[in-house]
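Observations on the model geometry
These are the residues of each chain, in order.
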Amino acid sequence: MEAVGLVVPPVPPGLRAVYEACSQLYPDQQNPLQVTAIVKFWLGGPDPLDYISMYRNLGDPKLGIPEHWHYITFGLSDLHGDGRVHNRSTEDGLSGFGLELTCRLKREDGETAPPTWPAELLQGLARYVFQSESSLCAGDHVSWHAPLDGSESRIQHMLLASEPQLPSLHTPLGSLSFLQVVGVCNEELRAAQQWNGAGIIELIRSVPPAGGTWLVTDMRRGESIFELDPQLQDRLERGVASEGSNLSGVSARCAWESCEKLETKEGRTSVDGEEESPKPRRLSSSDTMQIKEALTQGLAVSQKAVLPPIRKGSLPTRNQSADEQDLARLADIDRRLGSEDSEALPQELAPTCYLEHLQLHFNVEAATLIPLALRGRLLHGRHFTFKSVSGPTAITLVSTGVEGALASESQPYATHGAWLQVMLTADAVQQLLADMEDIVTLDEAQLPKVYEWPEMKLGICVLPDSSFDVLQ
């Protein structure tokens, strides 16, 4: 009788490419510990990552890099190439979302096996990517608002950086890059929002106790980089002053109301005692793409409970850059803004209206970002969008340097559907900054807190979170 050997199916090309990259980095760890999805995503399971491999990295004492655990995901890129998870990829395009995630966690003395909580964290980020259909980029930040490991740690948020040891791959199913998740504290997250994630990543690299050149997360770190090296505060302030902020929009608890509304008629607005004003110019294509991306990002996140560990009302936020956009992305944004699920959002055919008196409402978390928006965005000729987490409302603060905005210096408060534009001159921005100097230190016990500028017919009210259930 002839023996029949067991037929082993070939390893899918995308999976093989990621495995080989890991094997080259860790040739002595061919069978690393893995966290595996019990029910695969394509069979209805909740976790989109097939595997997370966990390696022991000895670091580099000469460079001040501590020994650590290295986590690498499998599944954000196209592993199989047969359409079971991602659309069929080609060699010339992106493999799936074009990325895999990594994380480096400092190994504690006596630790013989890697903790598994980073794998759960990476699965949560992967669910966000899959459900929002928004990719991640180096320099992005994620507001988590809780210790990443569930302890009492100060490390409660994340920045994303290019992985230092795994280069980009070109596979038969497309290209992909490795992005490293870096744990940061509140002060470092706020600095990334004020300036940009890439700049803060470089500051972290310069401080070995905070992660060093390989950005190793230490959950026991008790000091921010600005406490470890006070000179970095000056570098941050110079960066903000010269470059402004890359953060163009956040999901937030926000609302607006007006005492009087001036309706448009055939694209023109009549004001008592004045001649009709010219029809507002349309936003330039780059500004339209950037603002719509911010709105879509907020919409996608607010409609789905993607990341359970995040506190209610605190959603993952990533900064947007106009350089990221392209026509295909814009087409997808237009489709989603015009979908049945988002019909209350601003649309091309919605009438444009102008408001004479305006009251803005924010919760404490959103209000503390107003100085960032004013100083880091509007004073640099840019805009900033607050997208409501519980409804279609969106508020975009616009500087006079944004061409073609619906709002203007003569009519600074314009609405387009549920989208409000607020144009502020440089003098108005400086006035708001001076009068709202205490806003970053507000707490719930001081609410409601009202700021008013009668000469601008503008008010800002900071309210408890519970108030927004009534306002929406």
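Data block above holds the structure.
Residues numbered from 1 in each chain as written. Predicted model: local features only at pLDDT ≥ 70, side-chain atom pairs only at ≥ 80, totals over all residues. Heavy atoms only, no water.

Within strand E8 (residues 174-184), ten of the eleven residues are buried, leaving the element largely enclosed by the surrounding structure. In this sheet, E8 lies alongside strand E4 (residues 94-106) in parallel orientation, the contact comprising six bridges. Counterpart to Leu94 in the pairing with E8 is Ser175. Sheet analysis places strand E6 (residues 157-162) next to E8, joined by six bridges and oriented antiparallel. Note on E8: the bridge partner recorded for Met158 is Gly183. Across three bridges, strand E7 (residues 169-171) lies against E8 in antiparallel orientation. Bridge assignment links Thr171 to a residue of E8, and that residue is Gly174. Hairpin connection, E7 to E8: the antiparallel pair is bridged by two residues. (Buried < 20%, exposed > 50% of the residue type's maximum accessible area, 1.4 Å probe, protein only. Helix = DSSP H or I, 4+ residues; strand = E, 2+ residues; numbered from the N terminus. Pairing = 2+ DSSP bridges.)

A few words on the side chain of Arg221. Relative to the helices and strands, Arg221 is located in the loop between helix H4 (197-205) and helix H5 (225-228). At 2.9 Å, the side chain of Arg221 and the backbone oxygen of Glu223 are in polar contact. Dropping the residues within four chain positions of it, Arg221 is found in contact with Arg154, Ile155, Gly183, Val184, Glu188, Pro209, Ala210 and Leu228. (Polar contact = N/O pair within 3.5 Å; in protein donor to acceptor, adjacent residues only side chain to side chain. Contact = heavy atoms within 4.5 Å.)

Within the open sheet, the four strands sit side by side as E10-E15-E21-E20. Their pairing is mixed. Edge positions in the sheet fall to strand E10 (254-258) and strand E20 (449-453), since each of these pairs with one other strand and no more. Neighbour-to-neighbour, the strand axes of this sheet turn through a mean angle of 15 degrees, independent of strand direction. Both strand E15 (residues 358-362) and strand E21 (residues 458-462) contribute to a ladder of five bridges, which runs parallel. Bridged to Gln359 within E21 is Gly459. Taken strand by strand, helix H11 (residues 426-435) contacts E20 and E21, and its axis lies near 150 degrees from that of E20. (Axes fitted to C-alpha atoms, helices over the stretch in contact; angles between N-to-C directions.)

In this structure, Phe362 and Phe386 are the most contacted members of the largest nonpolar core, which totals 39 residues. Counting 32 residues, the second-largest nonpolar core is a separate cluster that includes Leu101, Cys103, Tyr128 and Phe130. (Core = buried A, V, L, I, M, F, W, Y, C linked by side-chain atoms within 4.5 Å.)

It is worth spelling out the packing of aromatic side chains at this point. Across all of its chains, the model carries eight aromatic pairs by this definition. When the centroid spacing of 5.0 Å and the interplanar angle of 70 degrees are considered together, the rings of Phe97 and Phe130 count as edge-to-face. Of this pair, Phe97 sits in strand E4 while Phe130 sits in helix H2 (residues 117-132), placing them 33 residues apart in sequence. Taking the centre distance of 6.5 Å and the plane angle of 15 degrees together, the rings of Tyr451 and Trp453 count as stacked. Both residues of the pair, Tyr451 and Trp453, belong to the buried class. (Phe/Tyr/Trp six-rings, centres within 6.5 Å; stacked < 30°, edge-to-face > 60°.)

Here we come to the environment of Tyr451. Within the secondary structure, Tyr451 sits in strand E20. On the accessibility criterion, Tyr451 (6% relative accessible area) is buried. Separated by twelve residues in the primary sequence, Tyr451 and Ile439 place their C-alpha atoms 9.8 Å from one another. Within the local environment of Tyr451, its side chain forms a polar contact with the side chain of Asp438, the two groups lying 2.9 Å apart.

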